[in-house]
Amino acid sequence: MTEPDAPHSSRRRRPGRPADDGSAGNGPVGGGRAGGGGRSRGKHRGGADERFTATTEALGTIAQDGAGVSASIIDTSTGRALLAIDDRLVQPVSGLGRVLLLIEVAAQLEDGRLHGDRLQRMARDTATGAGLWQFLQEPTMQVSDLATLVGATADAWATNALLTTVGIDAVRARAESLGVERSALIDRVRDRRGPDDAPDVSVAASGELSWLFRGLALGEVVDQTVSNRVLGWLSLAADLSLVAGSFGLDPLAHRALDHGLQSVAVTGSGLGIRAEAGVLRGPASSVCYAVTVRFEDDSLQRRLAVVEAMRTMGTEVLEVVHAPAER
């Protein structure tokens with residue numbers, strides 16, 4: 001996949017950290033590790049480009065209804081913050097943390113620790129939920145094929161098999177080496193979570209997620225080869241139900257340019273959790289974004305309100321990459 005059209009920065013920095021350029025909004029970096037404060041509610045503060053007025057209002061409405069909201073939009077080329085709403089707030093993001101797993105898998109494929117290994121489908125890795133491997137007859141698959149399933153469908157069995165192989169400690173160490181301090185893959189996919197299990201698969205701060213996707217788009221996550229490999233897997237993601245639902249793309253085939261658009265959008269969904277991070281390239285510009293919402297999922301109406309707010313964000317992201325930037 002061709003990554004968004006953005007030049008490499010002359011000043012190299014870890015992709016989990018923002019540029020210290022005085023941009024509006026709260027940056028994603030601060031004290032503490034990912035997972036700390038994940039239960040707290042944000043105060044819905046931050047800054048926004050005037051082109052994201054509807055997004056701010058829509059997210060503010062669901063925040064007033066009790067949802068925990070965190071959002072970040074940055075310009076891919078310059079790193080300028082276009083929207084920042086509690087972007088350091090750590091919240092559960094369900095399967096969205098698979099991005100960190102795929103980065104480690106790609107790095108180990110590149111440095112030779114993983115080769116053409118075929119992984120066996122094991123009982124310990126089984127979990128109902130997202131994915132296709134549980135419905136296929138093939139009991140073994142190559143690592144790269146499993147990564148493709150994870151990227152495309154958030155495949156639960158493939159996620160667990162890869163995590164067992166590379167190790168969660170390696171995933172965490174890789175994230176820390178990239179400057180990712182508030183976001184982490186903290187557990188395997190499980191059918192049930194007991195009192196001794198982590199409360200969710202992963203947690204994240206939207207500010208770090210948007211910067212991580214900027215690093216991928218610029219080829220700065222580990223290196224260009226690793227970044228491109230990860231983007232290739234993620235570009236197959238078929239869930240365009242949230243922010244990317246406003247882009248008008250084919251959910252099952254959106255890797256190529258389509259009306260000047262190219263999108264990589266990764267979601268995380270669970271009971272009371274909706275999250276998405278990605279990059280959208282258009283004729284005018286490219287932006288990286290992330291939004292996480294934690295809410296009381298006690299009615300369809302409340303869930304649909306969250307989805308609608310995220311699609312409002314998608315509409316304004318689309319307008320920005322299609323329209324010339326205001327001077």
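Our structure's up above, just so we're on the same page.
Residues numbered from 1 in each chain as written. Predicted model: local features only at pLDDT ≥ 70, side-chain atom pairs only at ≥ 80, totals over all residues. Heavy atoms only, no water.

Caption draft 1: Just the environment of Glu 57, in detail. Here Glu 57 is to be found in helix H1 (residues 53–64). Residues Glu 57 and Met 313, 256 residues apart in the sequence, show an inter-C-alpha distance of 9.9 Å. (Helix = DSSP H or I, 4+ residues; strand = E, 2+ residues; numbered from the N terminus.)

Caption draft 2: Expanded view of the packing of helix H2 (residues 98–111) against helix H6 (residues 206–217). For the pair H2 and H6, the least separation of the axes is 12 Å and the interaxial angle reads 35°. Where H2 crosses over H6, the handedness of that crossing is left-handed. The residues of H6 that touch H2, namely those facing Val 99, Leu 100 and Ile 103, are Leu 212, Phe 213 and Leu 216. For the contact of H2 with H6, the residue count by class is six nonpolar, no polar and no charged. (Axes fitted to C-alpha atoms, helices over the stretch in contact; angles between N-to-C directions. Left-handed = near helix turned anticlockwise from the far one by under 90°. Contact = heavy atoms within 4.5 Å. Nonpolar A, V, L, I, M, F, W, Y, C, P; charged D, E, K, R; others polar.)

Caption draft 3: Structural view of the pattern of salt bridges. Considering all chains together, one arrives at eight salt bridges under this definition. The salt bridge involving Glu 138 is made with Arg 118; its shortest N-O contact spans 3.6 Å. Taken together, the residues span a long stretch of sequence, with Glu 138 in the loop between strand E5 (118–120) and strand E6 (140–142) and Arg 118 in strand E5 at a distance of 20 residues. One salt bridge in this structure joins Arg 302 and Asp 298, with 3.6 Å as the shortest N-O distance. We classify Arg 302 as partly exposed; its relative accessible area is 25%. For Asp 298, a relative accessible area of 55% puts it in the exposed group. Through salt bridges that share partners, Glu 104, Asp 111, Arg 113 and Arg 174 make up one connected network. (Salt bridge = Lys/Arg side-chain N within 4 Å of Asp/Glu carboxyl O. Buried < 20%, exposed > 50% of the residue type's maximum accessible area, 1.4 Å probe, protein only.)

Caption draft 4: Region of the structure containing the pairing of strand E3 (residues 81–85). With respect to burial, E3 is a largely interior element, five of its five residues being buried. Inspection of the sheet shows strand E2 (residues 68–75) paired to E3 by four bridges, in the antiparallel sense. Bridge assignment links Ile 73 to a residue of E3, and that residue is Leu 83. (Pairing = 2+ DSSP bridges.)

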